[in-house]
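Here is what each chain is made of, one letter per residue.
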Amino acid sequence: MGFTLIEFIGGWLTNSTAIMADAVHDLGDSLSIGSAWLLNRLGRKSANRQFTYGYRRLSLFGALINGLVLIAGSVWVLTEAIPRLANPVMPVTEGMLALAVLGVAVNGFAAYRLSKGNTLNEKVLNWHLLEDVLGWVAVLVVAIVLQFVDWPILDPLLSIGFTLFILVNVLRNLSTTARLFLQAAPDSKLQNEIQDTLLKIDELDSIHHLHLWSLDGEHHVLTAHVVTNASKAFTANHYADIKLRIANALEQFDLAHTTIELELTQEHCRDEVPDKVQ
C-alpha cells in the first residue's frame, strides 16, 4: 500500500497516464493479495460436519474475485488512456524514469516470489503482479524514448498495449476459474484417462455416474458407479480384491477424494441415469 501511495503521488507530479494506471492496478493488487492471503489461510482449515470437503473452495472464490477486480482496473486504465490519444500531454520524463526503475524492481521481485504457486488463486494473483511489471517496463521505455524525442503519445499507447495484453490472459484464467466454480470437470482429458483406466480392470463391465470436479483447481474429487460382471461367487474377499485393484489404478491420478460404488451386473442402480458409459 505504501508503494501504491508513492505511485499516485508520482503519477500526479509527472502527469503520466502510465504511472497513474499502475497506481490503480497496484491498489487493486494490494486488496486482492490481502484477500487471497486470508482466503488461502481459511482454505487450509480442516473439514467438519458442515463443510465436509473443507474450505479449499474459498481459494477458488478468491481467484474469481481477484479476476473481476483486475478486469475493472484494466477497464479504468483504458478509459483514462484512450482519450489521451487525441490530446497527448508531455509527462515529466525524469520522474517517470526514476519511478519506473523502482516499480520494475519491487513488482518484479513480488512476481518472482509468487510464480511458484500452483493454485488458480495464486496464478491469477501472479497475473496481477506481472501486469504491474509490464506496466513499469512500458513506463521505463517511454521515459527513455521521451528523453530524446517529443512523442508524448507513446505514454497512452503503451499503457493501452500492456493493459490489453494482460486483460486477454486474465479473461482466459477467469473463464477457467468460473467453470471450476460451477463444478465443471477440470480436465476432460484427465476424465477420459480415469474412465479408460477403470474399464481396463478385469471384471469391470461398465461405468456410470462418473463425476470429476475440483475443490480449488489443484485438488480434484472423483465419484463413480462401477459395474462388475463377476461370474464366480461374490465373496467378501473377492469384493475387497476388486476394491484394491480400483484403488491401485486410481493412485496415479493423485485425487484428493474418491468415492466408488461397486454394483453387480444384475443390480438396479438406485441413481439410474441414461448416460451409461460402456
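Computed from a predicted structure; not experimentally measured.

Engineer: Any chance you could explain the overall build of the protein here in plain terms?
Structural biologist: Within the protein one finds 8 helices and 3 strands. In the protein, the succession of helices and strands from N to C terminus is α-α-α-α-α-α-α-β-β-α-β. Within the protein, the proportion of its 278 residues that are buried is 41%. Put simply, of all contacts in the protein between residues at least 6 apart along the chain, 72% involve residues at least 24 apart. In the structure as shown, the protein presents an accessible area of about 14,900 Å², 61% of it carried by carbon and sulfur atoms.

Engineer: Would you mind showing me how to read the pairing of strand β2 (residues 220–228) here?
Structural biologist: One face of the sheet, then the other: side chains in a regular strand alternate in exactly this way. Across the 9 residues that make up β2, a large majority, 8, are buried. The pairing of strand β1 (residues 204–214) with β2 spans 8 bridges and is classified as antiparallel. Across the sheet, Leu-212 pairs through a bridge with Leu-222, a residue of β2. As consecutive antiparallel partners, β1 and β2 are separated by 5 residues, and within that stretch Gly-217 has a phi angle of approximately 90°, a positive value. Looking at chain direction, β2 and strand β3 (residues 257–264) are connected through 8 bridges and run parallel. Residue pairing in the sheet places His-225 in a bridge with Glu-261 of β3.

Engineer: Would you mind going over the sheet that holds β2 with me for this structure?
Structural biologist: The strand order across the open sheet formed by 3 strands is β1-β2-β3, and the pairing between neighbours is mixed. Looking along the sheet, the strands with just one partner apiece sit at the ends: β1 and β3. Within the sheet, the average angular offset between the axes of one strand and its neighbour, ignoring direction, is 10°. Sheet contacts for helix α7 (residues 188–199): β1 and β2; angle to β1, the most-contacted strand, approximately 155°. Across the face of the sheet, helix α8 (residues 236–250) comes into contact with β1, β2 and β3 while running at roughly 140° to β3.

Engineer: Any chance you could explain helix α6 (residues 154–181) here in plain terms?
Structural biologist: Residues separated by three or four positions in an α-helix point in the same direction, a consequence of the helix having 3.6 residues per turn. In this model, α6 (28 residues) spans 40 Å end to end at C-alpha, consistent with the 40 Å of a helix rising 1.5 Å per residue. Note on α6: the residue one or two positions beyond its end, Gln-183, has a positive phi of about 70°.

The rules behind these values
- Every chain is numbered on its own, with residues counted from 1 as its sequence reads.
- In keeping with the model being predicted, local features are shown solely for residues with a pLDDT of at least 70 and side-chain atom pairs are shown and tallied solely at 80 or more, while totals for entire chains, interfaces and linings include all residues.
- Only heavy atoms go into the side-chain values, all of them from the structure, while hydrogens and water stay out.
- Strands here are runs of E lasting at least two residues and helices are runs of H or I lasting at least four, both read from the DSSP assignment and numbered beginning at the N terminus.
- Note on exposure labels: buried denotes an accessible area under 20% of the residue type's maximum, exposed denotes more than 50%, and partly exposed covers the range between, all computed with a 1.4 Å probe on protein chains only.
- Throughout, a contact is declared for two residues whenever any of their heavy atoms are within 4.5 Å.
- The protein chains shown are the only cover counted for residues, whose accessible areas, like all others here, come from Shrake-Rupley with a 1.4 Å probe.
- Here a strand pair is declared whenever DSSP counts at least two bridges between the two strands.
- As a rule, the C-alpha atoms of each element are fitted with a line to give its axis, helices using only the stretch in contact, and angles between N-to-C directions run from 0 to 180 degrees.
- Given a helix with a known number of residues, its expected span is that number minus one, times 1.5 Å.

Keep in mind that these numbers describe shape and distance, not what the molecule does.
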